[in-house]
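# Inside the fold
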Amino acid sequence: MKIGIIGAGNIGGNLTRRLTALGHDVSVANSRGPHTLTALAEETGATPVRVEEAARGAEVVVVTVPLKAVPDLPAGLLDGAAEGAAVIDTGNYYPQQRDGRIAEIEDDGLTESRWTERRIGHPVIKAFNGTYAQDIVERPRPAGDPERMALPVAGDDAEAKAKVRALIDELGFDTVDSGGIDDSWRQQPGTPVYGLRAGVDAVVEALGEASPERPADFRA
């Protein structure tokens, strides 16, 4: 499958490593340009590209940039993606630590991924936002393994969500459908499932224990 990854930080870099190892055709981009991705490209066989080219022909696009950088992504970013492309949003809102105050999230109650969706002009599937980057390379397990972790996945597009869940299964993790994007507050920072290393049952329980009130540590 052709996959575009926008953002080559910890999550983006390790997804590049795992997805290329599984035989996918991966293009990877960052804000500093392809010349800064030479080492990652040599290590993985991924193709370094400009951000504007990352989604071209891709069946899955991963947007894994700081939330404050989302408005700076180029217009029409996803215009060249394959028809029916699934867009994964791994982002989190860290107002005190990094992103500053975003009124639509704080005042209007938008979930972080709904805000991102509106900025990029394409539906998203929220996944990997509470996953430790090292776990992507160190903790894959075969289906049925008692130590296999489960990741929550939210999104409104059932077909795109199914595509993303199948890809996560291939990466070595179970998934739990955590609802639509307006329900994705259940997996935002400060919720019980955020950073949880556990199986399906514990993830389901943690999602059910979440509160829609944003914790003080994650408000501006």
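Being a predicted model, the structure only gives us computed values, none of them experimental.

## Things to note about the overall build of the chain
- Looking only at helices and strands, one finds eight helices and eight strands in the chain.
- Based on the C-alpha atoms only, the size of the chain along its principal axes is roughly 40 × 40 × 30 Å.
- Counting across all 220 residues of the chain, residues that qualify as buried make up 50%.
- Excluding contacts between residues fewer than 6 apart, the proportion of contacts in the chain whose partners are at least 24 apart in sequence is 68%.
- A distance of 3 Å separates the average location of the 23 positive side-chain charges in the chain from that of its 35 negative side-chain charges.

## A few points about the environment of Leu 196
- You can see Leu 196 is positioned in the loop between β8 (174-177) and α8 (200-209).
- Classification of Leu 196 as partly exposed rests on a relative accessible area of 29%.
- Not counting the four nearest positions on each side in its chain, Leu 196 is found in contact with Gly 130, Met 149, Ala 202, Val 203 and Ala 206.

## Structural notes on the sheet that holds strand β4 (residues 60-63)
- Within the open sheet, the eight strands sit side by side as β3-β2-β1-β4-β5-β6-β7-β8. Their pairing is mixed. The outermost strands of the open sheet, each flanked by one partner alone, are β3 (47-48) and β8.
- Of the strand pairs in this sheet, β4 and strand β5 (residues 86-89) are connected by four bridges, and their pairing is parallel. Bridge pairing in β5 links Val 62 to Ile 88.
- Contacts between α8 and the sheet are confined to β7 (150-155) and β8, with β8 contributing the most and set at about 30 degrees to the helix.

## Some points on the packing of helix α1 (residues 10-21) against helix α7 (residues 158-171)
- Where α1 meets α7, the axes come as close as 10 Å, and the angle between the chain directions of the two elements is 80 degrees. Considering their axes alone, α1 and α7 lie roughly perpendicular with respect to each other. Residue-level inspection shows Leu 15, Arg 18 and Leu 19 of α1 in contact with α7, the latter providing Leu 167, Glu 170 and Leu 171.
- Of the residues contributing to the contact of α1 with α7, the split by class is four nonpolar, no polar and two charged.

## A word on the packing of aromatic side chains
- Under the defined criterion, the tally for this structure stands at one aromatic pair.
- Ring geometry for Tyr 94 against Phe 218: centres 6.2 Å apart, planes inclined by 50 degrees, an arrangement best described as tilted. Within this pair, whereas Tyr 94 is found in the loop between β5 and α3 (95-99), its partner Phe 218 is found in the segment after α8, the two being separated by 124 residues in sequence.
- Its relative accessible area of 14% is what places Phe 218 among the buried residues.

## Quick word on α1
- A rise of 1.5 Å per residue sets the reference length of α1, with its 12 residues, at 16 Å; its end C-alpha atoms lie 17 Å apart and thus fit the reference within 8%.
- Of all the 12 residues making up α1, nine are buried; the element is thus mostly covered by neighbouring parts of the structure.
- Of the positions making up α1, those classed as buried are Ile 11, Gly 12, Gly 13, Asn 14, Leu 15, Thr 16, Arg 18, Leu 19 and Thr 20.
- The secondary structure elements touched by the buried residues of α1 are β1 (2-6), β2 (25-29), α2 (38-44), β4, α6 (133-138) and α7.

## Description of the environment of Pro 66
- You can see Pro 66 is positioned in the loop between β4 and β5.
- Sequence separation of Pro 66 and Thr 116 is 50 residues, and the distance between their C-alpha atoms is 11 Å.
- Ignoring any residue separated from it by four or fewer positions in sequence, one finds Pro 66 in contact with Arg 98 and Asp 99.

## Some words on unusual backbone geometry
- Non-glycine residue Phe 128 carries a positive phi angle of around 70 degrees.
- Its place among the elements puts Phe 128 in the loop between β6 (125-126) and α6.
- Under the relative-accessibility criterion, Phe 128 is labelled buried at 5%.

About the cut-offs
Residues numbered from 1 in each chain as written. Predicted model: local features only at pLDDT ≥ 70, side-chain atom pairs only at ≥ 80, totals over all residues. Heavy atoms only, no water. Helix = DSSP H or I, 4+ residues; strand = E, 2+ residues; numbered from the N terminus. Buried < 20%, exposed > 50% of the residue type's maximum accessible area, 1.4 Å probe, protein only. Contact = heavy atoms within 4.5 Å. Lys, Arg positive; Asp, Glu negative; His and termini not counted. Charge placed at Lys NZ, Arg CZ, Asp CG, Glu CD. Pairing = 2+ DSSP bridges. Axes fitted to C-alpha atoms, helices over the stretch in contact; angles between N-to-C directions. Parallel < 35°, antiparallel > 145°, perpendicular 65-115°, else oblique. Nonpolar A, V, L, I, M, F, W, Y, C, P; charged D, E, K, R; others polar. Phe/Tyr/Trp six-rings, centres within 6.5 Å; stacked < 30°, edge-to-face > 60°. Expected span 1.5 Å × (residues − 1).

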